[in-house]
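Listed here are the chains, written in short residue letters.
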Amino acid sequence: MGRDVRVLTANPDAETVDTDDGRWIFSGLQTETLREAVRDADRPKELRETLPEVTEDATAVYVESGRDEPRVEAYRSVTGTRDIYYLRDGSDDLVVTDHFRNALAQLDAEEREVSDEVVADHLLFRAPIEPRTYATRVNALEQGGWLRWDGTNDEWQTEQVDRLEPGNPCPPDVASASIDATLDDLLEQGCDAETANMLSGGIDSTLLHTYLDDSPAFIMGVDSPEFAFETEYAKRARRMLDTDHRKVTVGEDDFLSHLEASVDALGFPSHYAQTVTTDAALRRDDGYRYLNGEGADALFGLTGTKGLRIAAWLEPLLSEQVADSLSDVAPDAVAGQYSSLTRLADRLQRPVSDAESFAQHLSFFTEPSLAGEFVGDSLVADRFRKQAEYVRGRVTPTANGDRFAKQAEFGHLLSFFRHNTVNQWRQIGYEHDRSFFTPFKTRSMAECALSVPPKKRYIQGATAGRDLTQKYHLKSLLQHRLPEYPTRQKKGSGSLPIERYFEDGALADIFEKYDAPSFVPEQMRSDHVESYGRLTWNLITFAVWRDRILDNQDLSTVSGSRQLA
């Protein structure tokens with residue numbers, strides 16, 4: 001007797017198409033195009049070539065009917081922020097789902113194990129490197145991947161069928177016009193009057209709103225005083241845009257309960273404190289579809305690129321020997337700046353897969369040597385190499401020769417492919433029947449960015465009086481569309497004062513309610529459990545997730561989930 005197959009979707013936007021041989025379940029930006037593609041294909045194999053040509057951010061799952069052994073195929077686009085998880089459950093049946101909690105719920109608690117590699121990824125990065133997930137029995141389909149099960153080999157098979165390719169070469173002086181045209185087309189496809197723009201008041205969300213006609217702004221904030229200037233940014237941008245708005249303010253006193261609720265909704269531990277407030281805000285808002293500018297920095301300029309640009313220019317003058325001498329004779333500010341530039345120059349010369357390279361440090365903030373104290377230096381080095389391999393498998397970097405361009409481009413590509421912010425918000429949105437549209441995480445916008453030479457993609461450089469404006473293409477476009485916006489104002493990040501919450505706020509007793517993870521070495525407890533350290537937040541989120549999700553004997557699927565095949 002053959003296995004059963006279940007396709008569970010929590011996505012309220014997922015659609016189905018039935019053919020003579022089976023059923024397709026799909027989700028994406030261009031649903032009509034997807035629908036026509038699966039209807040017109042005689043066999044799933046045809047779609048391995050055609051789907052990458054017509055998808056911006058999409059998934060598709062196929063289940064063939066009328067077979068003793070099930071046949072399952074699935075696709076995830078190369079810029080996909082929609083997830084596909086697959087496993088064999090305790091009865092050896094096949095399960096494919098778009099939500100991680102749904103996948104875990106198919107396994108008994110004693111069947112859910114976390115690998116050493118994933119512990120390392122959790123400490124180092126924003127998420128496990130796919131196809132690994134937070135449970136060894138559950139795999140994730142990689143971006144640009146095609147998944148197949150036909151029973152012949154008694155195992156899942158995957159292959160890479162989709163890669164990012166740069167568009168036609170775009171001179172830097174016309175990049176803003178190219179971005180403008182791409183955004184205009186994407187927002188016409190993905191927005192309507194009911195789409196609320198998640199307006200932070202920063203460059204990206206404000207720019208997106210200039211393309212909208214009647215859509216409202218959605219402003220969320222926290223009542224922490226450290227967040228006040230970000231709230232003021234949103235208010236000021238709303239006034240400039242003269243737009244209707246909805247506002248939700250989350251109380252910091254309830255942060256622990258909000259954290260617990262967000263982990264319950266997500267099914268895995270989030271690295272982002274903003275995910276906690278996003279979940280809390282969505283619970284109180286009555287909207288359905290949201291526009292968000294996440295991904296713009298990864299394509300057009302992350303904070304930190306300016307320092308590398310200066311270090312690259314000054315590299316012949318920088319040395320550790322001089323830095324050591326300056327520390328004795330120069331003012332602290334001068335000596336500190338010189339030492340910082342010297343470290344950047346060293347990172348400039350390392351391979352991009354090296355844990356100490358600039359590319360890796362641009363995107364991730366945990367000290368590799370510190371994580372090595374938890375899981376071992378060799379495993380840390382291996383995970384950085386694996387992460388670089390993941391990116392190279394999805395795009396060919398365009399930088400040649402110039403070390404600044406190579407490090408800057410690869411660091412931004414790491415951020416684009418390995419920061420799963422949007423994926424998290426989607427999975428939380430499924431719990432609340434919410435939908436997200438993120439134009440900067442689409443194929444069109446990624447290829448638009450890749451078409452600009454990397455030396456001039458992220459920062460204005462050797463021309464224009466060596467103006468070191470980061471993300472200047474988007475700032476220039478916003479200045480054109482909304483001239484009164486102060487593009488040189490201090491950048492906000494949405495970050496929260498987690499250290500203060502831990503020391504004397506909502507998280508002060510967190511490790512009394514949730515035991516610290518067992519992988520914490522005894523000698524690291526004083527700096528990261530008993531006091532706030534670089535890895536404390538990672539340990540908090542893991543501990544909450546372990547007790548509420550991983551070890552939960554009665555874990556349920558996401559409310560509203562549908563079994564579509």
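Residues numbered from 1 in each chain as written. Predicted model: local features only at pLDDT ≥ 70, side-chain atom pairs only at ≥ 80, totals over all residues. Heavy atoms only, no water.

The subject of this paragraph is the nonpolar core. Formed by 117 residues in total, the largest nonpolar core has its most connected members in Leu183, Leu187 and Leu507. Here this core gets nine residues from one element, more than from any other, and that element is helix H24 (residues 536–550). Setting aside chain neighbours within four positions, we find Leu507 in contact with Phe255, Leu256, Leu259, Ile498, Tyr501, Phe502, Trp537 and Ile540. The next biggest cluster of nonpolar side chains, apart from the first, holds 17 residues, and it includes Val72, Tyr86, Trp156 and Leu564. (Core = buried A, V, L, I, M, F, W, Y, C linked by side-chain atoms within 4.5 Å. Buried < 20%, exposed > 50% of the residue type's maximum accessible area, 1.4 Å probe, protein only. Helix = DSSP H or I, 4+ residues; strand = E, 2+ residues; numbered from the N terminus. Contact = heavy atoms within 4.5 Å.)

Turning to the environment of Thr275, a few remarks are in order. Within the fold, Thr275 resides in helix H9 (residues 273–284). As a C-alpha pair, Thr275 and Ala37 span 238 residues in sequence and 34 Å in three-dimensional space. The contacts of Thr275, once residues within four sequence positions are left out, are Ser262, Leu266, Ser270, Gln424, Trp425 and Ile428. Separated by 2.9 Å, the side chains of Thr275 and Gln424 make a polar contact. (Polar contact = N/O pair within 3.5 Å; in protein donor to acceptor, adjacent residues only side chain to side chain.)

Let us now look at empty space enclosed by the protein. Across all of its chains, the model carries four cavities of 30 Å³ or more by this definition. Approximately 260 Å³ is the volume found for the largest cavity. The wall of the largest cavity is formed by 23 residues, among which Asp83, Ala127, Pro128, Glu130 and Asn420 lie closest to the centre. By residue number, the principal contributor to the lining of the largest cavity is helix H17 (residues 403–418), which donates three residues. Tallied by class, the residues present in the lining of the largest cavity amount to 10 nonpolar, seven polar and six charged. One number sums up the size of the second largest cavity: a volume of about 140 Å³. Within the residue set of the lining of the second largest cavity, elements represented by two or more residues are strand E1 (5–9), strand E3 (22–28), strand E4 (58–64) and strand E7 (94–97). Taken together, the residues of the lining of the second largest cavity break down into nine nonpolar, five polar and three charged. (1 Å grid on protein atoms, 1.4 Å probe; cavity = no way out; pocket = protein on both sides within 12 Å on 5 of 7 lines; lining within 4 Å. Points joined across faces, edges and corners; volume = space filled by probe spheres on them. Nonpolar A, V, L, I, M, F, W, Y, C, P; charged D, E, K, R; others polar.)

It is worth spelling out a negative patch on the surface at this point. On the surface, Glu36, Asp40, Asp42, Glu46, Glu49 and Glu53 cluster together into a negatively charged patch. With three residues, helix H2 (residues 44–54) is the single largest residue contributor to the negative patch. Within the secondary structure, Glu36 is located in helix H1 (residues 31–40). (Patch = residues over 30% accessible without salt bridge, like charges linked within 9 Å, V, L, I, M, F, W, Y side chains within 5 Å. Areas by Shrake-Rupley, 256 points an atom, 1.4 Å probe, with all protein chains shown as cover. Salt bridge = Lys/Arg side-chain N within 4 Å of Asp/Glu carboxyl O. Lys, Arg positive; Asp, Glu negative; His and termini not counted. Charge placed at Lys NZ, Arg CZ, Asp CG, Glu CD.)

Let's shift gears to the pairing of strand E2 (residues 15–18). Summarising the sheet, E2 and E3 pair through four bridges and their orientation is antiparallel. If you follow Val17 over to E3, its bridge partner there is Trp24. In textbook terms, the turn of a hairpin is the stretch between consecutive antiparallel strands, and for E2 and E3 this stretch comprises three residues. (Pairing = 2+ DSSP bridges.)

Moving on, we come to the layout of surface pockets. One water molecule sets the probe size; rolling that probe over the atoms shows where empty space is left. Volume-wise, the second largest pocket comes out at about 250 Å³. Residue lining of the second largest pocket: 19 residues in total, with Gly28, Leu29, Thr31, Arg82 and Arg289 positioned closest to the centre. Within the residue set of the lining of the second largest pocket, elements represented by two or more residues are E3, helix H5 (175–190) and strand E15 (435–437). The element that contributes the greatest number of residues to the lining of the second largest pocket is E15, accounting for three residues. Partitioned by chemical class, the residues of the lining of the second largest pocket number four nonpolar, eight polar and seven charged.

The interhelical angle for the contact between H5 and helix H19 (residues 443–450), taken along N-to-C directions, is 175°, at an axis separation of 10 Å. Comparing the axis directions of H5 and H19 gives the class roughly antiparallel. For the pair formed by H5 and H19, the contact residues are Ser178, Ile179, Thr182, Leu183 and Leu186 on the first element and Ser444, Met445 and Cys448 on the second. Here the residues of the contact of H5 with H19 sort into five nonpolar, three polar and no charged. (Axes fitted to C-alpha atoms, helices over the stretch in contact; angles between N-to-C directions. Parallel < 35°, antiparallel > 145°, perpendicular 65-115°, else oblique.)

Time to look at H9. Counting buried positions along H9 gives nine out of 12 residues, so the element sits mostly inside the fold. Inspection of H9 places Ala273, Thr275, Val276, Thr277, Thr278, Asp279, Ala280, Ala281 and Leu282 among the buried residues, and these make up the whole buried set.

Using the criterion set out here, one finds 21 aromatic pairs in the structure. A centroid spacing of 6.0 Å and a plane angle of 45° characterise the contact between Tyr75 and Trp146, whose relative ring orientation is tilted. With Tyr75 in strand E5 (residues 71–76) and Trp146 in strand E9 (residues 145–149), the pair connects residues that are 71 residues apart, well separated along the chain. Across this residue pair, the class does not change: Tyr75 and Trp146 are buried. Their ring planes at 90° and their centres at 5.3 Å tell us that Phe416 and Phe417 sit as a pair that is edge-to-face. Phe416 sits in the buried class, given a relative accessible area of 3%. Taking the relative accessible area as the measure of exposure, Phe417 reaches 6% and is therefore buried. Each member of the aromatic cluster is reached from another via a ring pair, and the members are Tyr85, Phe100, Tyr134, Phe268, Phe519, Phe542 and Trp545. Here the basic side chain of Arg394 rests over the ring of Tyr390, its NZ or CZ set 3.8 Å away from the ring centre. Of note, Lys441 hangs over the ring of Phe416, and the distance from its end group to the ring centre comes to 4.5 Å. (Phe/Tyr/Trp six-rings, centres within 6.5 Å; stacked < 30°, edge-to-face > 60°. Lys NZ or Arg CZ within 6 Å of the ring centre and 35° of its normal.)

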